[in-house]
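Here is what each chain is made of, one letter per residue.
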Amino acid sequence: MADTGKIKVLLESVENLAPSGFAIAFHIRLTSPDFLFQTYPKDWTDIYSEKGYVMQDPTVRWGFTETGSIRWSGLAEMDDQNILGQSLAYGMAFGVTISTDTGGSRSLASFSRPDREYTDEEIKQLSQCVQALHDMTALQGGTSEELRTQLHQLSVKMTHPPTT
């Protein structure tokens, strides 16, 4: 069974490497993940949702067909709707997408920053964190209802932080 403390530590680690935010969808079935953690700017996520960009997003399209990692700069040809271009206005100038699939269960993560491309070492670190989180949140091991509730609450807290 996963330890929510370890999951929080890993999420904090990836958050530190994503100053412009991130989105991680764990164990996607059809188009719905079991858990979604997201810290992108709210104005951007509102536009993204309102315009229904999820299935046109080159990071998502790539992540559904590939595994491994790719910098967003490598996805320009797939960006028919200029989604990555639009995200620039929200400080998301550079990014990396990571996709993993274990036993038919796929998780997809994207991380962004305003200042420079991700280094190979940062991508390696993010990939290791995504894989560990993917493994810890897998449900085939009979995840308890208590753990599911804790993960859901953490997801809501990260995706919809309280405003001050």
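Predicted model, so just to flag it, every value in this text is computed and none were measured.

Student: Before we go on, may I ask you to explain the pairing of strand β1 (residues 21-29) in this structure?
Tutor: One face of the sheet, then the other: side chains in a regular strand alternate in exactly this way. For β1, the buried fraction is high: eight of the nine residues fall into the buried class. Of the pairings in the sheet, the one linking β1 to strand β5 (residues 105-113) comprises six bridges and is antiparallel in character. Bridging across to β5, A23 finds its partner in S110. Pairing geometry for β1 and strand β2 (residues 32-38), over six bridges, is antiparallel. Bridging from a neighbouring strand, F26 pairs with F35 of β2. The antiparallel hairpin formed by β1 and β2 contains two residues in its connecting segment, where L30 sits at a positive phi of about 60°.

Student: What is the right way to look at the environment of A109 in this model?
Tutor: The topology assignment puts A109 in strand β5. Once the C-alpha coordinates of A109 and V96 are considered, the two residues, 13 residues apart in sequence, prove to be 8.3 Å apart. When neighbours within four sequence positions are excluded, A109 is seen to be in contact with A23, I24, V96, T97, I98 and V130.

Student: How do you make sense of the environment of A18 when you look at a structure like this?
Tutor: Positionally, A18 belongs in the loop between α1 (4-16) and β1. Using a relative accessible area of 4% as the deciding quantity, one classes A18 as buried. Sequence spacing of A18 and V96 is 78 residues, and the spatial spacing of their C-alpha atoms is 9.7 Å.

Student: Got a minute to help me understand the packing of aromatic side chains in this structure?
Tutor: The relation between two aromatic rings is expressed through the spacing of the ring centres and the mutual angle of the planes. Counted under the stated rule, the structure contains six aromatic pairs. Ring centres of F26 and F37 lie 5.8 Å apart, and the angle between their planes is 75°; on these two criteria the pair is classed as edge-to-face. Here the residue F26 occupies a position in strand β1, and F37 occupies one in strand β2, the gap between them amounting to eleven residues. Comparing F26 with F37 shows no difference in burial state: the two are buried. Centroid distance Y48 to Y53: 5.9 Å. Interplanar angle 80°. Geometry classified as edge-to-face.

The rules we used
Residues numbered from 1 in each chain as written. Predicted model: local features only at pLDDT ≥ 70, side-chain atom pairs only at ≥ 80, totals over all residues. Heavy atoms only, no water. Buried < 20%, exposed > 50% of the residue type's maximum accessible area, 1.4 Å probe, protein only. Helix = DSSP H or I, 4+ residues; strand = E, 2+ residues; numbered from the N terminus. Pairing = 2+ DSSP bridges. Contact = heavy atoms within 4.5 Å. Phe/Tyr/Trp six-rings, centres within 6.5 Å; stacked < 30°, edge-to-face > 60°.

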